[in-house]
Amino acid sequence: MILPISDETLCQSDLDLSMVLMRFSGRSWSTSRSKTNQTPIISMEDDEISDQESSHLEEHGPFKSFTKLVENNAHIAVFLNYVLSNSDPSALLFYLVTNLFKEGNAKEMKKWAYEIHSSFLVPCAPLRLTNIEENLVGEIDDILQKYSDREEILRKVFWKARTKAKEELNEQLSDFRHRRTAGLGTLFGPPDFQLDDSINDKVKELEIIEMILVPNMEPFIEDMDKEIVDDRRFTIAAALATVMSKIFGLRGTQFNSLLDRCPTFVSKEKSLKAKLIGKCRKFTNKGHHFVAHQ
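Conventions and cut-offs
Residues numbered from 1 in each chain as written. Predicted model: local features only at pLDDT ≥ 70, side-chain atom pairs only at ≥ 80, totals over all residues. Heavy atoms only, no water. Axes fitted to C-alpha atoms, helices over the stretch in contact; angles between N-to-C directions. Helix = DSSP H or I, 4+ residues; strand = E, 2+ residues; numbered from the N terminus. Parallel < 35°, antiparallel > 145°, perpendicular 65-115°, else oblique. Contact = heavy atoms within 4.5 Å. Phe/Tyr/Trp six-rings, centres within 6.5 Å; stacked < 30°, edge-to-face > 60°. Buried < 20%, exposed > 50% of the residue type's maximum accessible area, 1.4 Å probe, protein only. Lys NZ or Arg CZ within 6 Å of the ring centre and 35° of its normal. Expected span 1.5 Å × (residues − 1). Salt bridge = Lys/Arg side-chain N within 4 Å of Asp/Glu carboxyl O.

The protein has the name RGS domain-containing protein in an unreviewed UniProt entry, where Acyrthosiphon pisum is given as its organism.

Below, the structure is given as structure tokens:
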């Protein structure tokens, strides 16, 4: 027997759904996506979607393993949104940035290696990985000092550190799967069927990435515009801009405006620190304020 649903019950259901959606990046996903004629997030009359979503909560799709995850950009963006807001993004940003590092020549890799090493690995680095041992840091230091002209050695300089980062990422991904199982996955990105639609559709993939990550970039850029930049926030912004532009291939007026105001890793232009000092006369490191003199 099917019980009738009162108007009051429907209104309360709509209110609950609206509150959940508004928590995602501060805006309603269904409203922002309506211009692209996407399938509605929830259809009360479509049992197949409900079954599909239930199945994904158990299987997790590309979120099932980190190896599968890195093959799907929209899914990476969702996970990146999660670690930015609920965990530590250092391991994921390091892993993605160092994947680009090996594309340079010896001279470029030498410069990039120092930037990455000082940002993620050395003691007091703004985004230091939590599980990096001192002997590994010393080993990388030694390579950079003695073999910086050896391209074949430089390409492998971060291999061990990437393995350590992946260990942490597997733990973070496991925590994220627990959130998804609890029904909280859509706080960090769209429903699974929309993510699946993006796998073979670059336009949909970029729309999802832009919707998720551009709001994460904006507060960092606002800090830079105020000319007082916290070292950690600056490094997150630079790494995030690197991933969004050079891995995801994001373009568009809004993002390009942010990118023009933010340096990136693995850049053929001047170094990150030079850009920071050139743009911001004042900066903060470990709670201490400094004024740059040129």
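**A word on the packing of helix α5 (residues 73-86) against helix α6 (residues 90-101)**
Running from N to C, α5 and α6 cross one another at 140°; their axes reach a closest spacing of 9 Å. In terms of their interaxial angle, α5 and α6 are classed as oblique. In contact with I76, F79, L80 and V83 of α5, α6 contributes L92, L93 and L96.

**Some details on the packing of aromatic side chains**
The tally for this structure, following the rule as stated, stands at 11 aromatic pairs. Ring centres 6.0 Å apart and planes at 55° place the aromatic pair F79 and F176 in the tilted group. In this pair, F79 is assigned in helix α5 and F176 in helix α10 (residues 159-181), connecting sequence segments 97 residues apart. Here F79 matches F176 in class, with each residue buried. With 5.0 Å between their ring centres and 40° between their planes, Y82 and F176 make a pair best called tilted. Note that Y82 is positioned in helix α5 and F176 in helix α10, a separation of 94 residues in sequence. An aromatic cluster is built from F63, F79, Y82, F176 and F188, whose rings are joined through pairwise contacts. In this structure, R162 packs its charged tip against the face of Y95, placed 4.0 Å from the ring centre.

**Remarks on α6**
Given 3.6 residues to a turn, an α-helix orients residues that are three or four positions apart in the same direction. The terminal C-alpha atoms of α6, which comprises 12 residues, lie 16 Å apart, in line with the 16 Å expected from a rise of 1.5 Å per residue. Within α6, 11 of the 12 residues are buried, which leaves it mostly tucked inside the rest of the structure. All of the buried residues in α6 are S90, A91, L92, L93, F94, Y95, L96, V97, T98, L100 and F101. Lining the buried residues of α6 we find α4 (66-69), α5, α7 (106-120), α9 (151-154), α10 and α13 (231-247).

**Section: the pattern of salt bridges**
A full pass over the atoms with the stated rule returns 13 salt bridges. E134 serves as the salt-bridge partner of R128, at 3.1 Å between the closest nitrogen and oxygen. By relative accessible area, which is 51% here, E134 ends up exposed. In this structure, E151 and R155 form a salt bridge, with 2.4 Å as the shortest nitrogen-oxygen distance. By relative accessible area, which is 30% here, E151 ends up partly exposed. By relative accessible area, which is 28% here, R155 ends up partly exposed.

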